[in-house]
Amino acid sequence: MESEHSERTEDTAGQLAGGGRTDSATAAFVAHRNLLFTVAYEMLGSAADAEDVLQETWLRWAGVDLGTVRDRRAYLVRITTRQALSRLRALGRRKESYVGSWLPEPLLTAPDVAEDVELADSVSMAMLLVLETLAPTERAVFVLREVFDLGYDEIAEAVDKSPAAVRQIAHRARAHVAARRPRGVVSPTETRDALDAFQRAAETGDLQGLLDILAPDVVLMGDGGGVKKAVLRPIVGADKVARLLIGGLGKVAAAASLRPAQVNGYPALILRLDGEIDTVVAVRIDEGLITGFYAVRNPEKLSHMQRETALRR
């Protein structure tokens, strides 16, 4: 199912098509829409900004002479990448004044995303946070090369660099990500088992049970955006994190429910208070233990948790 932003983008495409654009142009855009959204989202970590990029992509695509376009998919990806790069630089300035930690916007994803292991890994909360440590052009090159397997010549056109420069950027970005990404491949089953153990410990107040599944250097990050209460700085250490989680959940136990969901391609938990989504909890797993907790509470980042988002490579 598509989001309201998605419906708005397709409505715009339809309106412009009615104003003189060919059915062929509209069909090409709609056919590749989920791919373009995925490219923009992986570059930005924000579904709302990715949707805005798609709007801008369509407006530029609407003015293209299709007779000059050899590969429509590649052309659309190029437009999307350029628009996403521009927005990524602006987003970086916004993050500087963001209240507390900035976390990626979680997506309720369709089951087929989890079936594509590489795609699921690339949109996981843990990986998106690693991508946040890359410079904008490095992030674009890494995403286009490692996730979407685009050729260096094609990427060079999208980021306005020479193919030789793109190769160097790709090598540097790959090494940077390899040093920071989760160690080894984490299966959905492993993530689900860790979350089940966390849920049992949280619901029963079992502090030791929670400590048993936390890495000694586990990090808890919360994103309230200045709207909802959240830790302003990362909390580090198993004991501190466990006591904070047990204490916080204990205070709202009567009105709270924790339920599993598929978020960004991996199992996660949704905390509801009085039936309304309050927090999305995702985790990073390394060698069987939880090394990262990511709790997104900012209401502006929870709109894509109401319905599934389709992602494509």
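Fair warning: this is a prediction, and the values are worked out from it, not measured in the lab. (Residues numbered from 1 in each chain as written. Predicted model: local features only at pLDDT ≥ 70, side-chain atom pairs only at ≥ 80, totals over all residues. Heavy atoms only, no water.)

1. Brief notes about the pattern of salt bridges
Part 1 of the reasoning: The full count for this structure, using the stated rule, is 20 salt bridges.
Part 2 of the reasoning: The residue Arg313 makes a salt bridge to Asp116 at a minimum N-O spacing of 3.0 Å. With Arg313 in the segment after strand S6 (289–296) and Asp116 in the loop between helix H6 (111–115) and helix H7 (117–123), the pair connects residues that are 197 residues apart, well separated along the chain.
Part 3 of the reasoning: Looking at Arg313, the relative accessible area reads 37%, which means it is partly exposed.
Part 4 of the reasoning: Of the charged contacts, one joins Asp278 and Arg297 as a salt bridge, the two residues approaching to 2.8 Å between their closest N and O atoms. Of this pair, Asp278 sits in strand S5 (residues 276–286) while Arg297 sits in the segment after S6; the two residues are 19 residues apart in sequence, bridging distant segments of the chain. (Salt bridge = Lys/Arg side-chain N within 4 Å of Asp/Glu carboxyl O. Helix = DSSP H or I, 4+ residues; strand = E, 2+ residues; numbered from the N terminus. Buried < 20%, exposed > 50% of the residue type's maximum accessible area, 1.4 Å probe, protein only.)

2. Considering the pairing of strand S3 (residues 256–263)
Part 1 of the reasoning: When S3 meets strand S4 (residues 266–273), the two strands line up antiparallel, connected through eight bridges. Each bridged residue has a counterpart across the sheet, and for Leu258 the counterpart in S4 is Leu271. (Pairing = 2+ DSSP bridges.)

3. Quick notes on empty space enclosed by the protein
Part 1 of the reasoning: Within the structure shown, the criterion is met by two cavities of 30 Å³ or more.
Part 2 of the reasoning: In this structure, the second largest cavity spans a volume of roughly 30 Å³.
Part 3 of the reasoning: Looking at the second largest cavity, the residues that line it are Ala74, Arg78, Glu154, Glu157 and Ala158.
Part 4 of the reasoning: Among the elements that line the lining of the second largest cavity, the one with the most residues is helix H10 (residues 152–159), at three residues. (1 Å grid on protein atoms, 1.4 Å probe; cavity = no way out; pocket = protein on both sides within 12 Å on 5 of 7 lines; lining within 4 Å. Points joined across faces, edges and corners; volume = space filled by probe spheres on them.)

4. Here we look at helix H4 (residues 47–61)
Part 1 of the reasoning: Along its 15 residues, H4 runs 21 Å from first to last C-alpha, staying within 8% of the 21 Å computed at 1.5 Å per residue.
Part 2 of the reasoning: Every buried residue of H4 is accounted for by Ala47, Asp49, Ala50, Glu51, Val53, Leu54, Gln55, Thr57, Trp58 and Trp61. (Expected span 1.5 Å × (residues − 1).)

5. Points about the side chain of Glu105
Part 1 of the reasoning: Here Glu105 shows up in the loop between helix H5 (72–96) and H6.
Part 2 of the reasoning: For the buried Glu105, no salt bridge exists, and the shortest N-O distance to an oppositely charged side chain is 7.0 Å, to Lys301.
Part 3 of the reasoning: Only 3.5 Å separates the side chain of Glu105 from the side chain of Ser46, close enough to count as a polar contact.
Part 4 of the reasoning: Ignoring sequence-local partners within four residues, the contact set of Glu105 consists of Tyr41, Gly45, Ser46, Ala47, Ala48, Asn264, Glu300, Lys301, Ser303 and His304. (Lys, Arg positive; Asp, Glu negative; His and termini not counted. Polar contact = N/O pair within 3.5 Å; in protein donor to acceptor, adjacent residues only side chain to side chain. Contact = heavy atoms within 4.5 Å.)

6. Describing the sheet that holds S3
Part 1 of the reasoning: The mixed open sheet is built from six strands, whose spatial order is S2-S1-S6-S5-S4-S3. Where the open sheet ends on each side, the last strands, each with one partner, are strand S2 (235–236) and S3.
Part 2 of the reasoning: Pairing analysis gives two bridges linking strand S1 (residues 214–223) to S2, with the strands arranged antiparallel. Residue pairing in the sheet places Val219 in a bridge with Val236 of S2.
Part 3 of the reasoning: Along the sheet face, helix H12 (residues 188–204) touches S3, S4, S5 and S6 and points at about 25° away from the line of S4.
Part 4 of the reasoning: Sitting on the sheet, helix H14 (residues 238–251) is in contact with S1, S2, S3, S4 and S6, with an inclination near 50° to S1. (Axes fitted to C-alpha atoms, helices over the stretch in contact; angles between N-to-C directions.)

7. Brief notes about the packing of aromatic side chains
Part 1 of the reasoning: Counted according to the given criterion, the structure contains four aromatic pairs.
Part 2 of the reasoning: Ring geometry for Phe29 and Trp58: centres 5.0 Å apart, planes at 70°, overall edge-to-face. Pair noted here: Phe29 is in helix H2 (residues 23–31) and Trp58 is in helix H4, with a separation of 29 residues, a long-range link.
Part 3 of the reasoning: The exposure class of Phe29 is buried, given its relative accessible area of 0%.
Part 4 of the reasoning: Summarising the aromatic geometry, the rings of Phe37 and Tyr41 are spaced 6.0 Å apart at their centres and angled 5° between planes, so their arrangement reads as stacked. Residue Phe37 and its partner Tyr41 are both found in helix H3 (residues 33–44); the two are separated by four residues, about one turn of the helix.
Part 5 of the reasoning: According to the relative accessible area criterion, Phe37 is buried, its value standing at 1%.
Part 6 of the reasoning: Directly above the ring of Tyr152 sits Arg145, whose terminal nitrogen or CZ lies 4.1 Å from the centroid. (Phe/Tyr/Trp six-rings, centres within 6.5 Å; stacked < 30°, edge-to-face > 60°. Lys NZ or Arg CZ within 6 Å of the ring centre and 35° of its normal.)

8. Comments concerning the layout of surface pockets
Part 1 of the reasoning: The volume enclosed by the largest pocket comes to roughly 660 Å³.
Part 2 of the reasoning: Lining of the largest pocket is provided by 25 residues; of these, Lys229, Leu244, Gly248, Leu249 and Arg297 occupy positions nearest its centre.
Part 3 of the reasoning: Those elements that provide at least two residues to the lining of the largest pocket are S1, H14, S4, S5 and S6.
Part 4 of the reasoning: Top contributing element to the lining of the largest pocket by residue count: H14, with six residues.

9. Considering the nonpolar core
Part 1 of the reasoning: Phe37, Tyr41, Trp61 and Leu131 are the most contacted members of the largest nonpolar core, which has 57 residues in total.
Part 2 of the reasoning: In this structure, Phe37 is in contact with Ala47, Ala50, Glu51, Leu54, Leu107, Thr309 and Leu311, ignoring residues within four places of it in sequence.
Part 3 of the reasoning: Formed by 26 residues, the second largest nonpolar core is a distinct cluster that contains Ala194, Ile213, Leu245 and Val283. (Core = buried A, V, L, I, M, F, W, Y, C linked by side-chain atoms within 4.5 Å.)

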